[in-house]
Amino acid sequence: MFIFSCREKHSQLHRLDKMICLTTSVGTRHVGSRMKCLTAAWTKTNQPLLCSSTSSTNHCNLKHSERLCHISLIGELRNCLCPPNNNNSTFIRSYSTSTQQPTYSSKCLLGERDRFNAVMVDLTHEGNQQFIADNGYFGNILADSTSKWQKDGTIAIWIRVPIAHSRLIPVAASHGFSLHHTEGDNIYLSRWLLDCPSRLPAYANHQIGVSGFVLNEEKEEVLMIQDKHRIVRWKFPGGLSNFGEDIPDTVVREVWEETGIKTEFQSVLCFRQQHNMPWAFGISDIYIVCRLRPLNFDLNICKDELVDAKWTKVNELLKDPNHTHLTVRVAKLIQHGLKYGFDSVDISMEELPSVYKNTTYKLFHKPLPPSL
């Protein structure tokens, strides 16, 4: 067993003697490597590191220095050996002097196992706070936890790292973890544990944009806008769906925000998938066009977003060569619906119970015959 006596002194500080005892319950991996780094740093200060031995113990007397950098080194040695835990008491770590494989403490990061047999570790969880104060200690616990979960047959580990503890990311990376995605002020890391290519899904690679074909059926007119920040051509009002927002809610909100027109969702007319969007970091884009019924007709545009807005005859969309192929195609769908009924073009929506407890989802499909 090693016993370190750390005597710290500074002209403005009281003399402090502390004994740090190490018992034999945790391996030497972190302690040994960190001790070498700190000993090398201490040597550069030209202060002697004296060692003596007895039959039962080794005593290392670290000579004190008047300089704060020396006090910092001693403090770091102490923290290396005895990281603080959640109870503000000293956590005793072992340093075995034998040649046997080290045994590890029962301490393990707290994680939640999902239905795919992967473990999610949330470093904001109260139970994990005791492990993240010191980078080296976190690395040691992470290695032990990973080894334990690997033996249990866990297929992967996810770690949620709050931005305030981003210093732990290089530590996790040194243990085989890689960046998966970010969400708000959190960084998510992952590591595949099986001896085969990773089957972890990539992070969301599509964004959802929604636009509204706001149709005044009586006049056969559609609401069109000119966007201030994009290509100056007339288009349908709309925008990106917010996190957790349903498609009908998105399109009704966007039309109201841009034009001041309140609407009622009727159906989905079509959607477009396009890959490698240059203004969206190269991800894919799904753009959904919905049919809406206007509840008022007086325009009140958002001048921060739009140059202009107007009601336009549907058949005029087919005559203007400046309109996009998508605009022309949707106008044809509307003309077909006006002539033969919108059941022939509409994709209806129905809310159904999900297999996940207490949740529902929206299902979109062509309307079924009443008999079904």
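Above this note sits the structure.
Residues numbered from 1 in each chain as written. Predicted model: local features only at pLDDT ≥ 70, side-chain atom pairs only at ≥ 80, totals over all residues. Heavy atoms only, no water.

**Student:** Tell me about the overall build of the chain, residues and numbers included.
**Tutor:** In terms of regular secondary structure, the chain is built from six helices and 18 strands. Looking at the chain residue by residue over its 372 residues, the buried ones come to 40%. Put simply, 62% of the contacts in the chain that link residues at least 6 apart link residues at least 24 apart. Summed over its atoms, the accessible surface of the chain is roughly 21,900 Å², and 52% of this surface lies on carbon and sulfur atoms. (Helix = DSSP H or I, 4+ residues; strand = E, 2+ residues; numbered from the N terminus. Buried < 20%, exposed > 50% of the residue type's maximum accessible area, 1.4 Å probe, protein only. Contact = heavy atoms within 4.5 Å. Areas by Shrake-Rupley, 256 points an atom, 1.4 Å probe, with all protein chains shown as cover.)

**Student:** With reference to specific residues and values, describe the nonpolar core.
**Tutor:** By size, the foremost hydrophobic cluster in this structure holds 22 residues, and its most contacted members are Leu 109, Val 121, Leu 123, Phe 138 and Ile 159. Broken down by secondary-structure element, the contributors of at least two residues to this core are strand 6 (118-122), helix 3 (135-151), strand 7 (156-162), helix 4 (168-173) and strand 9 (186-192). Counting residues per element, this core draws most heavily on helix 3, which supplies five residues. Excluding residues that lie within four positions of it along the chain, Phe 138 makes contacts with Leu 109, Leu 123, Phe 131, Ile 132, Leu 168 and Val 171. (Core = buried A, V, L, I, M, F, W, Y, C linked by side-chain atoms within 4.5 Å.)

**Student:** Can you explain the layout of surface pockets? Please cite residues and give values.
**Tutor:** Estimated volume of the largest pocket: approximately 830 Å³. Contributing to the lining of the largest pocket are 27 residues, with Arg 230, Lys 235, Arg 272, Trp 279 and Tyr 287 lying nearest its centre. For the lining of the largest pocket, the secondary structure elements donating two or more residues are strand 10 (206-216), strand 12 (234-235), strand 13 (238-240), helix 5 (247-259), strand 14 (263-274), strand 15 (284-294) and helix 6 (325-340). Put simply, the second largest pocket is a space of about 260 Å³. Grouping the amino acids of the lining of the second largest pocket by side-chain chemistry returns eight nonpolar, no polar and two charged. (1 Å grid on protein atoms, 1.4 Å probe; cavity = no way out; pocket = protein on both sides within 12 Å on 5 of 7 lines; lining within 4 Å. Points joined across faces, edges and corners; volume = space filled by probe spheres on them. Nonpolar A, V, L, I, M, F, W, Y, C, P; charged D, E, K, R; others polar.)

**Student:** Go over the packing of aromatic side chains with me, naming the residues and quoting the values.
**Tutor:** Inspection of every chain in the model, using the stated rule, returns three aromatic pairs. Look at Phe 297 and Trp 311: their rings are 5.7 Å apart centre to centre, the planes differ by 50 degrees, and that puts the pair in the tilted class. Of this pair, Phe 297 sits in the loop between strand 15 and strand 16 (306-313) while Trp 311 sits in strand 16, and the two are 14 residues apart along the sequence. In this structure Phe 297 comes out as partly exposed when scored by relative accessible area, which is 42%. A cation over an aromatic ring shows up here: Lys 262 above the ring of Trp 256, its NZ or CZ 5.3 Å from the ring centre. A cation over a ring is seen here: Lys 310 above Trp 234, with NZ or CZ 4.4 Å from the ring centre. (Phe/Tyr/Trp six-rings, centres within 6.5 Å; stacked < 30°, edge-to-face > 60°. Lys NZ or Arg CZ within 6 Å of the ring centre and 35° of its normal.)

**Student:** I'd like a rundown of the pattern of salt bridges, residues and numbers included.
**Tutor:** Scanning the entire structure with this criterion turns up 12 salt bridges. Its salt-bridge partner being Asp 346, residue Arg 291 comes within 2.7 Å of it at the nearest N-O pair. With Arg 291 in strand 15 and Asp 346 in the loop between helix 6 and strand 17 (348-353), the pair connects residues that are 55 residues apart, well separated along the chain. Relative accessible area serves as the criterion here: at 7%, Asp 346 is assigned to the buried category. Across the pair Lys 362 and Glu 351 runs a salt bridge whose closest N-O atoms are separated by 4.0 Å. A residue pair is termed long-range when its members are at least 10 positions apart, and Lys 362 in strand 18 (residues 360-365) and Glu 351 in strand 17 qualify at 11 residues. (Salt bridge = Lys/Arg side-chain N within 4 Å of Asp/Glu carboxyl O.)

**Student:** Just give me the short version of unusual backbone geometry, but keep the residues and values in it.
**Tutor:** A positive phi is found at Glu 220, a non-glycine position, where the angle reads about 55 degrees. Here Glu 220 is to be found in the loop between strand 10 and strand 11 (221-227). One non-glycine residue, Asn 358, lies in positive phi territory at about 60 degrees. Structurally, the position occupied by Asn 358 is in the loop between strand 17 and strand 18. Relative accessible area serves as the criterion here: at 75%, Asn 358 is assigned to the exposed category.

So, to be careful, I would describe these as geometric facts and stop short of saying anything about function.
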